[in-house]
Structure formats: C-alpha cells, structure tokens
Amino acid sequence: MFATPEDTRKEYIEKYEEPQHHVNALLGASIITLDIRPRLLFPLDRAGVKKVGDLLKHYRSGFTGVFSFGAGAAKEIENIIITAGLDTLR
C-alpha cells in the first residue's frame, strides 16, 4: 500500500537519472562514431576535438579556432549534428 523509500528512489532514477546518464555517455563518445569523413576529422583532431561534447562546443561557437576549417566543412558538420539529433543537447 505505502511506497517504501526504495520504490521512490527507483522511480526517481527511471524518470531523471537514466536519461541524463544516456546524454552524458553520448557526449563522452568519440566523434568517430558520427561517421565524419577523415578530411574533416584531421583538423578537428588538431584543434583538440575528440569527443561529441567537444564537437558541440565548437559547433556552437562557429568552429572558431579550427585551422583549415572552411564554411563548407562547417556546414557538413552541422548537417551531421542535426541528422544525429545532437543540436538539442545541452
């Protein structure tokens, strides 16, 4: 009849912590999982972008500071991010 503290905790985890854990795992994944072409991976690697979270930070700042990364490359990365549904994270 009455909910025990364990039941309440389980409901909380299912409702709030599990989706956040999934998002954190996704942001910590390697950018290679996004099937980005090597022509784009090399400049990103030189700029220190190795994880999806790093890529999203650069995406929001307009890829400033990424050497030899033009408007076409930025547009291609933008399409990959939008297709993967990552543009709504954080």
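About the cut-offs
- Residues numbered from 1 in each chain as written.
- Predicted model: local features only at pLDDT ≥ 70, side-chain atom pairs only at ≥ 80, totals over all residues.
- Heavy atoms only, no water.
- Helix = DSSP H or I, 4+ residues; strand = E, 2+ residues; numbered from the N terminus.
- Areas by Shrake-Rupley, 256 points an atom, 1.4 Å probe, with all protein chains shown as cover.
- Salt bridge = Lys/Arg side-chain N within 4 Å of Asp/Glu carboxyl O.
- Buried < 20%, exposed > 50% of the residue type's maximum accessible area, 1.4 Å probe, protein only.
- Axes fitted to C-alpha atoms, helices over the stretch in contact; angles between N-to-C directions.
- Parallel < 35°, antiparallel > 145°, perpendicular 65-115°, else oblique.
- Left-handed = near helix turned anticlockwise from the far one by under 90°.
- Contact = heavy atoms within 4.5 Å.
- Nonpolar A, V, L, I, M, F, W, Y, C, P; charged D, E, K, R; others polar.

## Digging into the overall build of the protein
Here is step 1 of the chain: Counting secondary structure elements, the protein contains 4 helices and 0 strands.
Here is step 2 of the chain: When the helices and strands of the protein are listed from N to C terminus, the series reads α-α-α-α.
Here is step 3 of the chain: In the form shown here, the protein has an accessible surface area of approximately 6400 Å², with 58% of it arising from carbon and sulfur atoms.

## Brief notes about the pattern of salt bridges
Here is step 1 of the chain: In the structure shown here, the tally under the stated rule is 4 salt bridges.
Here is step 2 of the chain: For glutamate 76, the salt bridge identified is with arginine 37, shortest N-O distance 2.7 Å. Remark: arginine 37 occurs in the loop between α1 (5-27) and α2 (38-46) and glutamate 76 occurs in helix α4 (residues 71-84); sequence separation between them is 39 residues.
Here is step 3 of the chain: Residue glutamate 76 is classed as partly exposed on the basis of its relative accessible area of 22%.

## Some points on helix α3 (residues 52-60)
For an α-helix, the turn length of 3.6 residues means that residues three or four places apart are oriented alike.
Here is step 1 of the chain: Here α3 has its buried residues at Val52, Gly53, Leu55, Leu56 and His58.
Here is step 2 of the chain: Just downstream of α3 lies glycine 62, where phi reads positive at about 85°.

## Things to note about the packing of α3 against α4
Each pair of packed helices can be described by the angle between their axes along with the distance between the axes.
Here is step 1 of the chain: Between α3 and α4, the least distance of the axes is 11 Å, while the angle of their chain directions is 120°. What the angle tells us is that α3 and α4 run oblique. The handedness of the crossing between α3 and α4 is left-handed. Counted together, Leu55, Leu56 and Tyr59 of α3 and Ile77, Glu78, Ile81 and Ile82 of α4 form the full contact between these two elements.
Here is step 2 of the chain: Considering only residue class, the contact of α3 with α4 consists of 6 nonpolar, no polar and 1 charged.

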